[in-house]
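What follows is each chain in one-letter form.
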Amino acid sequence: SLYADEAAKWKEALGEDEYELTLDTGKVLKSRPDDITNDPSVAAKADAIILAVPSFAHGQYFEAFEPYVKKDTVVACMPARSGGDILLASKFKEKADDVIFVGFETLPWA
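Residues numbered from 1 in each chain as written. Predicted model: local features only at pLDDT ≥ 70, side-chain atom pairs only at ≥ 80, totals over all residues. Heavy atoms only, no water.

> So what's going on with the sheet that holds strand S3 (residues 48-51)? Which residues, and what values?
Strands sit in the order S3-S4-S5 across an open sheet of three strands; the sheet is parallel. Two strands close off the open sheet at either side, each with one partner strand: S3 and strand S5 (100-103). Each strand of the sheet is rotated relative to its neighbour by a mean of 15°, with strand direction disregarded. As defined by bridge partners, S3 adjoins strand S4 (residues 74-77) across four bridges and the pair is classed as parallel. Paired with Leu-51 across the strands is Cys-77, a residue of S4. Docked against the sheet, helix H2 (residues 58-65) engages S3, S4 and S5, running at close to 155° with respect to S3. (Pairing = 2+ DSSP bridges. Helix = DSSP H or I, 4+ residues; strand = E, 2+ residues; numbered from the N terminus. Axes fitted to C-alpha atoms, helices over the stretch in contact; angles between N-to-C directions. Contact = heavy atoms within 4.5 Å.)

> I'd like a rundown of the nonpolar core, residues and numbers included.
Formed by 17 residues in total, the largest nonpolar core has its most connected members in Ile-49, Leu-51, Phe-62, Phe-65, Val-69, Leu-88 and Phe-92. Of all the elements in the fold, those that place two or more residues in this core are S3, H2, S4 and helix H3 (84-92). Looking at this core, the element that brings in the most residues is H2, giving three residues. (Core = buried A, V, L, I, M, F, W, Y, C linked by side-chain atoms within 4.5 Å. Buried < 20%, exposed > 50% of the residue type's maximum accessible area, 1.4 Å probe, protein only.)

> Now, about the packing of aromatic side chains: what can you tell me, with residues and values included?
In this structure the tally under the stated criterion is three aromatic pairs. On the basis of an interplanar angle of 80° and a centroid distance of 6.2 Å, the ring pair of Phe-62 and Phe-65 is categorised as edge-to-face. Of this pair, Phe-62 and Phe-65 are both found in helix H2, three residues apart, which corresponds to roughly one turn of the helix. Where Phe-65 meets Phe-92, the ring centres are 6.1 Å apart and the plane angle is 80°; that geometry is what we call edge-to-face. Of this pair, Phe-65 sits in helix H2 while Phe-92 sits in helix H3, placing them 27 residues apart in sequence. An identical accessibility class is assigned to Phe-65 and Phe-92; each is buried. Pairwise contacts between aromatic rings join Phe-62, Phe-65 and Phe-92 into one cluster. (Phe/Tyr/Trp six-rings, centres within 6.5 Å; stacked < 30°, edge-to-face > 60°.)

> Pulling in residues and values, what's your account of the environment of Ile-86?
With respect to the element layout, Ile-86 can be found in helix H3. Spatially, the C-alpha atoms of Ile-86 and Gly-103 are 11 Å apart, while their sequence positions differ by 17 residues.

> Residues and numbers for the side chain of His-58, please.
Positionally, His-58 belongs in helix H2. With residues near it in sequence (within four places) discarded, His-58 still touches Leu-51, Val-53, Cys-77, Pro-79, Ala-80 and Leu-87.

> Any details on the layout of surface pockets? Residues and values, ideally.
Of the voids in this model, the largest pocket is the one considered here, and its volume is about 1600 Å³. Taken together, 42 residues form the lining of the largest pocket, with Pro-33, Asp-35, Ile-36, Ile-50 and Leu-51 sitting closest to its centre. Mapped onto the lining of the largest pocket, the elements with two or more residues apiece are helix H1 (6-14), strand S1 (19-22), strand S2 (28-31), S3 and H2. With four residues, the top contributor of residues to the lining of the largest pocket is S3. For the lining of the largest pocket, the residue count by class is 29 nonpolar, four polar and nine charged. (1 Å grid on protein atoms, 1.4 Å probe; cavity = no way out; pocket = protein on both sides within 12 Å on 5 of 7 lines; lining within 4 Å. Points joined across faces, edges and corners; volume = space filled by probe spheres on them. Nonpolar A, V, L, I, M, F, W, Y, C, P; charged D, E, K, R; others polar.)

All quantities given are derived from atomic positions and should not be read as evidence of function.
Below, the structure is given as structure tokens:
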């Protein structure tokens, strides 16, 4: 998050725990993000960036981490309304051809 202390609050809430997903097969997947931060420069190390923020905020995030995103990074937005790919292309310019945009139409919990 780019907002003041929001990232710190999420990081503190997660602590040392992992996220856990139980599949319909009964298999349990566990994972945790490498980092939760408001520093866009960490995008330089990311293979995937997941934006789980309202779609009206996507543009400011694209602008913030565009200078740092490396080739073949997956940029996933949840939710993404129509035109998310166009917005990314307008903010990333030529670099848009080097990233992979994934747009989820709605939040799975909404």
